[in-house]
Every structure is written in C-alpha cells, then in structure tokens.
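# Notes for the structure review
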Amino acid sequence: MKHSKKHLDFEVNLIPFIDLLSVSICFLLITAVWLNVGSMDVKQAVGGQAQEDTKKSPLVWVRMTAQGDLDLEVQQSSLIPATLRKFRVAQQDSKVNWEELEKALVNLRQADPSINTGLIQPTASTAYEEIIDVMDKLKKSGMTDLGVSPL
Amino acid sequence: MISDGILKTSVLTGTLEGHSIISPRGAKMKRQVAADLLLTALIDAFSILVIFLLMNFSSTGEILMIGKNQELPKASLAAVLERNPVIKIDEGKLYVEDKLVDANTITAELLELRKKYQELHPNEAFPGVATIQADRRVKYEFLNQVILGMNQAGYSDIKFAVVLK
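Just so you know, the residues in each chain are numbered from 1, in the order the chain's sequence is written. Each chain is given a letter, starting from A, and each ligand a number, starting from 1, according to the order in which they appear as written. This being a predicted model, a pLDDT of at least 70 is required before a residue's local features are given, and a value of 80 or more before pairs of side-chain atoms are given or counted; all residues contribute to the totals for chains, interfaces and linings. Side-chain measures here rest on the full set of heavy atoms in the structure, leaving out hydrogens and waters.

Let's shift gears to the overall build of chain B. Tallying secondary structure elements over chain B gives 5 helices and 7 strands in all. Strands here mean DSSP runs of E at least two residues long; helices mean DSSP runs of H or I at least four residues long; both are numbered from the N terminus. Secondary structure of chain B in N-to-C order comes out as α-α-α-β-β-β-β-β-α-β-α-β. Only protein chains enter the accessibility calculation, which uses a 1.4 Å probe; a residue is then buried when its area is under 20% of its type maximum, exposed when over 50%, and partly exposed in between. The burial tally for chain B puts 34% of its 165 residues in the buried class. Only heavy atoms enter the contact rule, under which two residues are in contact if any of them lie within 4.5 Å. A separation threshold of at least 6 residues defines the contact pool for chain B, and within that pool the share at least 24 residues apart is 61%. Looking at chain B as shown, the accessible area adds up to about 11,200 Å², and 58% of this sits on carbon and sulfur atoms. Residue burial considers only the protein chains on display, and all accessible areas are found by Shrake-Rupley using a 1.4 Å probe.

Written out as structure tokens, the structure is:
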C-alpha cells in the first residue's frame, strides 16, 4: 500500500469569524446604554406602626437651611459626646461646605459606629441636587437607612 | 485638470514621479499588485471591542426616558435601577407612568396603580416602591407634593433616579 504524504498545515477561513465579530459589534453599539442611571433609596414612615413598636436606634438629623448651613443633631445615642450632639456645618460662599460635612460625618461614625440612620430635613427652596448630595455623603460615611422629611 | 495647470510640471513630472513605488516609470521591473492582508490584528481589535461592549452591556433595558432638557442629579453611591412605577417631574409638570397628573390627582393615580398591582398579584404583599425622576434644579417645594402624595397612597419606598458619577 502506498501512503501519500499530505500537508498537516491548513488555513482557517477567517472571513466568517470576522463577519460574526462585525455583526456583534454593530448590535452591541446600537443597543448600548451609555448613561449609567442608578437610584437612591429612601424609606418613608407611613405611620402604620405604634410608637412603642418602633426600634429606637441612633440617628442623625441633617437640617438644611436656605443659606446653605447644615444643622446636625444626633438622637438616641449615648456614645456621642455632648459637643457632637448638636452642631452646625457653616456654609461656604452661600453653598454647602461638603468637605466639612464629610469630616463631621466621619467623626460621628467614629464616635458611634451604630449610627446607621440619616434623616434629611430640607427647606422649600432647597434644590433636589443638594438633597441627593447630602444623601450621597451620608451613604459614603456608612449610613444605610436614609429618609427625607416632608415640609 | 492637472495636465492643464501648473501642477503638470510639478507633480506628474516632478521628483515624486521618480520615487513612486506603485508605478515607477524609471524602474522597468513589474511588481505584484495583490498583497496579503494580515487579518490577525484586525480580529484582535474586533475581539477587544466585543469584550468591552459586552462588559458595558445593560440587559435591563431602558427604564427611564430622559428628556432633552432634563438633567438628573449625580451620585457616586447608587443602587441598580429597577422597574417600578415612575413619577416624572418635567418642566413643572407631573407625570405618573407618562400620564399627566397634578398635585391633587397624583394620590388617586397612584392608588389606581396600587389597585392594578393587587389585582395582578393577589397573593403578594404590596411593595410600595416608586421611582422619582426629576431635574437636578427642581426645588424641594415641588418635590414635596410628590412625596406627600406617595405617602398618602402607601408608597413608602422612594427611589430617586440619579446618574452615576
């Protein structure tokens, strides 16, 4: 029997592969969503629970003023020293001083790590953007339960 | 056109002609026109593009329709947006699931949505979740009407739509 010598090398046809990749790229480019939209979760007390049933956990009230000052007040916490229980983050150029707020929240969390609730009380003239920024700072400091007080 | 103008002498019979690789008049040797195209680099580039686009691909679809004049506020720590009833504030107007309402009728519209949900899911507890989509410059005075309306209709979980920083 005579064995013919055949070449073991062969060429892969790359054209269908390129076609497939091109179609995939076109599809993904057309369906791509470039704007990354997320959500800030806020829980509102509807008022169906009795006051005695409500668990008393430490919380921070952030009261926003029309001038850009923030009044912070810690409630239901025994670990927070008297100087940090109620204080003001003064505005800077008629805007909220975000750096000072961040520092204040870090100090509060260091003094009492069990503070997980942050309640925001805006004024009628407060911009929606500022409320979201305060929420963002509260979340950054590690608070998970956020709320916004109605006017 | 070139043959009529001054370019005739400068381009066609100029120094470029002698250096042309495609058809040098000076060189008598015939060159092969067909060239092998290296496809490996092309496939590499395509593959990287496909991987990048797949990683950014959003399978949740478009939940919010953001208008041209609307700018959502920015936040760095936000949760993934889920499909819930959307309350939109656009150019001073209120919409519940694209239906125009006002401060007095928003509660009734939300209660209607709640009723529909309970009819469709009779054995499930009502989640009471809704998404608020508003421009970043909207004053809280306006937003407060929506929050109060939601409270009255039993929507206790509010999700503020934001753009991730």
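So, about the sheet that holds strand E2 (residues 59–64) of chain A. Sheet strands pair by backbone hydrogen bonding; their relative direction is either parallel or antiparallel. Residue and element names in this part refer to chain A. Paired strands, as defined in this entry, are two strands with at least two bridges between them according to DSSP. One open sheet accounts for 5 strands, arranged E4-E3-E2-E5-E6; its pairing is mixed. At either margin of the open sheet sits one strand with a lone partner, and together these are strand E4 (86–89) and strand E6 (145–148). For this sheet the average axis-to-axis angle between neighbouring strands, irrespective of direction, equals 20°. Inter-axis angles, ranging from 0 to 180 degrees, are taken between N-to-C directions of lines fitted to C-alpha atoms, where helices are fitted over the stretch in contact.

Residues and elements named next belong to chain B. We call Phe, Tyr and Trp rings a pair once their centres come within 6.5 Å, taking the six-membered ring for Trp, and we label the pair stacked below 30 degrees between planes, edge-to-face above 60, and tilted otherwise. According to the stated counting rule, one finds 3 aromatic pairs over all chains in the structure shown. Taking the centre distance of 5.1 Å and the plane angle of 90° together, the rings of Phe-126 and Tyr-155 count as edge-to-face. On the criterion of sequence distance, the pair formed by Phe-126 in the loop between helix H4 (106–120) and strand E6 (129–134) and Tyr-155 in the loop between helix H5 (140–153) and strand E7 (157–164) is long-range, its members being 29 residues apart. Here Phe-126 falls in the buried class, since its relative accessible area comes to 19%. In this structure Tyr-155 comes out as buried when scored by relative accessible area, which is 1%. Connected via pairs of aromatic rings, a cluster forms that spans Tyr-117, Phe-126 and Tyr-155. Any Lys NZ or Arg CZ found within 6 Å of a ring centre and within 35 degrees of that ring's normal is scored as a charge over the ring. The side chain of Lys-88 reaches across the aromatic face of Tyr-95, ending 5.8 Å from its centre.

This part takes up the side chain of Lys88(B). Residues and elements named next belong to chain B. Relative to the assigned elements, Lys-88 resides in strand E3 (residues 86–90). Only four residue types enter the tally: Lys and Arg on the positive side, Asp and Glu on the negative side, with His and both chain ends excluded. Should a side-chain nitrogen of Lys or Arg be within 4 Å of a carboxyl oxygen of Asp or Glu, the pair is scored as a salt bridge. Although Lys-88 is buried, it makes no salt bridge; Asp-98 carries the closest opposite charge, 4.2 Å away. Ignoring sequence-local partners within four residues, the contact set of Lys-88 consists of Met-65, Gln-70, Lys-93, Leu-94, Tyr-95, Asp-98 and Gln-133.

Under the definition given, this model contains 13 salt bridges over all chains. Between Asp71(A) and Arg88(A) there is a salt bridge, and its shortest N-O distance comes to 2.7 Å. Highlighted residues: Asp71(A) in strand E3 (residues 70–75) and Arg88(A) in strand E4, separated in sequence by 17 residues. A salt bridge links Glu129(A) to Arg136(B); its shortest N-O distance comes to 3.2 Å. Of this pair, Glu129(A) sits in helix H4 (residues 128–140) while Arg136(B) is found in the loop between E6 and H5, placing the two residues in two different chains. For Glu129(A), a relative accessible area of 27% translates into the label partly exposed.

Of all residues in chain A, 89% attain a pLDDT of 70 or more, and the chain-wide mean is 85. Every residue is assigned a pLDDT by the predictor, reflecting its confidence on a scale from 0 to 100. By mean pLDDT, helix H2 (residues 82–85) of chain A is the weakest element of chain A at 84, and H4(A) is the strongest at 93.

Here the focus is H4(A). Since the α-helix turns once every 3.6 residues, residues separated by three or four places project in the same direction. All names here are of chain A. A helix is expected to span 1.5 Å for every residue after the first. Its 13 residues place the ends of H4 18 Å apart at the C-alpha level, agreeing with the 18 Å of an ideal helix rising 1.5 Å per residue. Among the residues of H4, those classed as buried are Tyr-128, Ile-131, Ile-132, Asp-133, Val-134, Met-135, Asp-136, Lys-137 and Leu-138. In the stretch just after H4, Gly-142 is the one whose phi turns positive, near 110°.

With that settled, the discussion passes to the nonpolar core. Ranked by internal contacts, the top residues of the largest apolar core, which has 51 residues, are Leu72(A), Met135(A) and Phe160(B). If we ignore the near neighbours within four places in the chain, the residues touching Met135(A) are Met40(A), Val42(A), Ile120(A), Leu146(A), Val148(A) and Phe160(B). Working definition of a nonpolar core: buried Ala, Val, Leu, Ile, Met, Phe, Trp, Tyr and Cys residues. They are joined through side-chain atoms within 4.5 Å. Counting 8 residues, the second largest nonpolar core, distinct from the first, contains Ile18(A), Leu21(A), Leu28(A) and Val50(B).

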